[in-house]
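Summary of structural features
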Amino acid sequence: DAGVIQSPRHEVTEMGQEVTLRCKPISGHDYLFWYRQTMMRGLELLIYFNNNVPIDDSGMPEDRFSAKMPNASFSTLKIQPSEPRDSAVYFCASRYNVSPLHFGNGTRLTVT
Amino acid sequence: RKEVEQDPGPFNVPEGATVAFNCTYSNSASQSFFWYRQDCRKEPKLLMSVYSSGNEDGRFTAQLNRASQYISLLIRDSKLSDSATYLCVVLDSGSARQLTFGSGTQLTVLP
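Quick summary incoming for the structure in this document. (Residues numbered from 1 in each chain as written. Chains lettered and ligands numbered in written order. Predicted model: local features only at pLDDT ≥ 70, side-chain atom pairs only at ≥ 80, totals over all residues. Heavy atoms only, no water.)

**Describing the side chain of Arg37 of chain B**
All names here are of chain B. Which entries qualify depends on this criterion: Segments assigned H or I by DSSP are reported as helices when at least four residues long, segments assigned E as strands when at least two residues long, and all are numbered from the N terminus. Exposed residues in this analysis have more than 50% of their type's maximum accessible area, buried residues have under 20%, and partly exposed residues fall in between, with area computed by a 1.4 Å probe over protein chains only. Think of a polar contact as two N or O atoms within 3.5 Å of one another; within protein, one of them needs to be a possible hydrogen donor and the other a possible acceptor, and neighboring residues in sequence only count if both atoms come from side chains. The contact criterion used is simple: two residues touch if any of their non-hydrogen atoms lie within 4.5 Å.
Looking at the secondary structure, you find Arg37 in strand β4 (residues 32-38). Accessibility expressed as a relative area gives 19% for Arg37, which makes it buried. At 3.4 Å, the side chain of Arg37 and the backbone oxygen of Ser83 are in polar contact. Setting aside residues no more than four positions away along its own chain, Arg37 makes contact with Glu43, Pro44, Lys45, Leu47, Ser81, Asp82, Ser83, Ala84, Thr85 and Tyr86.

**Topic: the sheet that holds strand β3 (residues 19-25) of chain B**
Strand pairs in the sheet, formed through backbone hydrogen bonds, run parallel or antiparallel to each other. All names here are of chain B. What counts here: Pairing between strands requires that DSSP locate at least two bridges from one strand to the other. Between N-to-C directions, angles span 0 to 180 degrees; the directions come from axes that are lines fitted to C-alpha atoms, helices contributing only their stretch in contact.
A sheet is described by the order of its strands in space; here five strands give the open sequence β1-β3-β8-β7-β6, paired in antiparallel fashion. Each edge of the open sheet carries a strand with a single partner, namely β1 (4-6) and β6 (55-57). Taken pair by pair, the neighbouring strands of this sheet meet at an average axis angle of 15 degrees, ignoring direction. Of the strand pairs in this sheet, β3 and strand β8 (residues 70-75) are connected by six bridges, and their pairing is antiparallel. Bridged to Asn22 within β8 is Ser72.

**Some remarks on the nonpolar core**
Put simply, the rule reads: To define a nonpolar core, start from buried Ala, Val, Leu, Ile, Met, Phe, Trp, Tyr and Cys residues and group those joined through side-chain atoms within 4.5 Å.
Of all hydrophobic cores here, the largest spans 23 residues; its most connected members are Phe21, Trp35, Ile71, Leu73, Ile75, Tyr86 and Leu107 of chain B. Those residues within four positions of Ile75 of chain B in sequence are excluded, and the remaining contacts are Ala17, Thr18, Val19, Phe21, Arg59, Phe60, Asp82, Tyr86 and Leu107 of chain B. Grouped together as the second largest cluster of nonpolar side chains are 21 residues, Leu21, Ile26, Cys92 and Leu109 of chain A included.

**Remarks on the layout of surface pockets**
Threshold: A pocket here means an open set of points on a 1 Å grid, computed over the protein atoms alone, that has protein on both sides within 12 Å along at least five of seven lines. A cavity is instead a set of points where a 1.4 Å probe fits but cannot get out; residues with an atom within 4 Å of a point line either one. Grid points are joined across faces, edges and corners, and a volume is the space filled by probe spheres set on the points. Each residue receives one of three labels: charged for Asp, Glu, Lys and Arg, nonpolar for Ala, Val, Leu, Ile, Met, Phe, Trp, Tyr, Cys and Pro, and polar for the others, Gly being one of them.
The computed volume of the largest pocket comes to approximately 1100 Å³. If you go around the largest pocket, you meet 35 residues; those closest to its centre are Gln37, Thr38, Gly42 and Leu43 of chain A together with Ser103 of chain B. Within the residue set of the lining of the largest pocket, elements represented by two or more residues are β4 (31-38), β5 (42-50) and β9 (88-95) of chain A together with β9 (84-91), β10 (99-101) and β11 (105-110) of chain B. Looking at side-chain class alone, the lining of the largest pocket contains 15 nonpolar, 11 polar and nine charged residues.

**Focus on the pattern of salt bridges**
Should their charged atoms come close, side chains of opposite charge can pair. Using the following cut-off: By salt bridge we mean one thing: a side-chain nitrogen of Lys or Arg within 4 Å of a carboxyl oxygen of Asp or Glu.
Under the defined criterion, the tally for this structure stands at 12 salt bridges over all chains. In this structure, the salt-bridge partner of Asp77 of chain B is Lys79 of chain B, at a minimum N-O distance of 2.9 Å. With relative accessibility at 37%, the residue Asp77 of chain B sits in the partly exposed group. When its relative accessible area of 32% is taken as the criterion, Lys79 of chain B is described as partly exposed. One network of salt bridges, in which partners are shared, links Glu62, Arg64, Glu83, Arg85 and Asp86 of chain A.

Set out below in structure tokens:
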């Protein structure tokens, strides 16, 4: 299995631009999570899906952030418009039922 | 009080030393427990699950104390390659957030 696949690995954009992060979970996994990690705040859960349905998005910072999961093999996290404080590493992770979580390599986002 | 609390570290130990990390959790209904390892600029990776009876994987031993609501990780004969941040993770099946991560304990093994 290829594991959780995220793209892009790095993204540098200017303030105000739209950013789209992509994730392909491990096949057969029914939960998908989006996390954000910074030195100051550590690992924060943004949103998670179960069987493609958003279950808890209370961690999404504000309306500029949105996430979708149109099918079991693909999810996106979009930031529009982006701001410098959004700079962080964004991880996608998936799991099956209550089994351990598997993380993707992450997307390092820098907003200038 | 945080839901999951860890020793903040950093822990700096010489090669060959034994080091232990503790983690406490606040929800007594927590279901499953894990230790993850995160290397600098990498994603967290599962190190081991923690079972009620305690479990061992080579130099690593994990223990769970449900009465006191803490889990521990013991690393024996530490290697330079053990240097990383160790994250305690708790799964609460009844909680909307499902998984809660500790803030991590940084370990540096010195030559």
